[in-house]
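# Topology and contacts: notes
Listed below, chain by chain, are the residues.
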Amino acid sequence: MKRTRKIIWVLSLILLFGFFIFVFFGNPIKYYTLKGEFEKFLEEKHDQEFIVGRISFDIMHRTYHSYATPKNDRKLKFYIGQNNITREIDEAYEYEKNRLYESNKGAIPAII
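Residues numbered from 1 in each chain as written. Predicted model: local features only at pLDDT ≥ 70, side-chain atom pairs only at ≥ 80, totals over all residues. Heavy atoms only, no water.

## Digging into the overall build of the chain
Filter applied, for reference: Each helix is a run of DSSP H or I of at least 4 residues and each strand a run of E of at least 2, with the numbering of both proceeding from the N terminus. Radius of gyration here uses only the C-alpha atoms, and the compact-globule reference equals 2.2 Å multiplied by the residue count raised to the power 0.38. Summary of the burial criterion: residues with accessible area below 20% of their type's maximum are buried, those above 50% are exposed, and those between are partly exposed, where the area comes from a 1.4 Å probe applied to protein chains only. Contacts between residues were defined by any pair of non-hydrogen atoms, one from each residue, lying within 4.5 Å. Accessibility throughout is a Shrake-Rupley quantity obtained with a 1.4 Å probe, and a residue counts as covered only by protein chains that appear here.
Of regular secondary structure, the chain possesses three helices and five strands. Against the 2.2 N^0.38 benchmark of 13 Å for 112 residues, the chain shows a C-alpha radius of gyration of 21 Å, more extended than a compact globule. Each principal axis of the C-alpha atoms in the chain carries an extent, and together these give about 80 × 35 × 25 Å. When burial is assessed residue by residue, the chain has 24% of its 112 residues classed as buried. Taking all contacts inside the chain whose residues are at least 6 apart in sequence as the whole, residues at least 24 apart take part in 35%. Put simply, the chain shows about 8900 Å² of open surface, and 62% of that area lies on carbon and sulfur atoms.

In C-alpha cells, the structure reads:
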C-alpha cells in the first residue's frame, strides 16, 4: 500500500511539473522546430544566412517570438515571430535595415 501511494505521488508530481512547463514555456518540441522554421523562412525570403536568438513563449497569445541577426551584419538585430492572430511567421528585417541605415545617411561620420 505504501509503495503504490508513493508511485502515485511521484507520477502526480511529474504530471504537474510537465503541465507547468507546457503552460509557461510552451511545447518543448515546437520550441526547437520553430527555431529551424524561423531560420529557413529568413534564408528563403532574403537569400542570406541568419542567426536566430533564444526563442521566447508568449503565454497570453500562445505564440513564439525571437530576435535574429544576419551572419554578415551583426549590428542589425530585428524581430521575428508568430503573428498573434494567424500564427504565421512575421519579421521586421526590412524595417530595421531601413531604420538603421537610412537614419545614418545624413549623419556626420565620426573621426576615430
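What follows continues from the structure just given.
## Some remarks on the pairing of strand 4 (residues 78-82)
We count it as follows: Only strands joined by at least two bridges in the DSSP assignment are considered to pair.
When you tally the buried positions in strand 4, you get four out of five residues, the bulk of the element. Direction of pairing for strand 3 (residues 63-70) relative to strand 4: antiparallel, over a ladder of four bridges. Note that in strand 4 the partner of Ser66 across the bridge is Ile80. Bridge analysis of strand 4 against strand 5 (residues 89-91) gives three bridges, and the strand direction is antiparallel.

## Points about the environment of Glu96
For Glu96, the location among the structural elements is in helix 3 (residues 93-102). Classification of Glu96 as buried rests on a relative accessible area of 17%. Once the C-alpha coordinates of Glu96 and Leu42 are considered, the two residues, 54 residues apart in sequence, prove to be 14 Å apart. With residues up to four places along the chain from it excluded, the contact list for Glu96 reads Leu76, Lys77 and Phe78.

## Brief notes about unusual backbone geometry
Although it is not a glycine, Asp47 sits at a positive phi angle of roughly 55 degrees. With respect to the secondary-structure elements, Asp47 resides in the loop between helix 2 (28-46) and strand 1 (50-52). Of note in the backbone geometry, Arg62 takes a positive phi value of approximately 60 degrees without being a glycine. Topologically, Arg62 is positioned in the loop between strand 2 (56-58) and strand 3.

## Some words on the nonpolar core
Our working definition: Buried residues of nine kinds, namely Ala, Val, Leu, Ile, Met, Phe, Trp, Tyr and Cys, make up a nonpolar core once their side-chain atoms join them within 4.5 Å.
Phe38, Leu42, Ala68, Phe78 and Ile80 are the most contacted members of the largest nonpolar core, which totals 14 residues. Contributing elements (two or more residues each) for this core: helix 2, strand 1, strand 3 and strand 4. Among the elements that make up this core, the one with the highest residue count is helix 2 (three residues). The contacts of Ala68, once residues within four sequence positions are left out, are Leu42, Ile51, Val52, Leu76, Lys77, Phe78 and Ile80.

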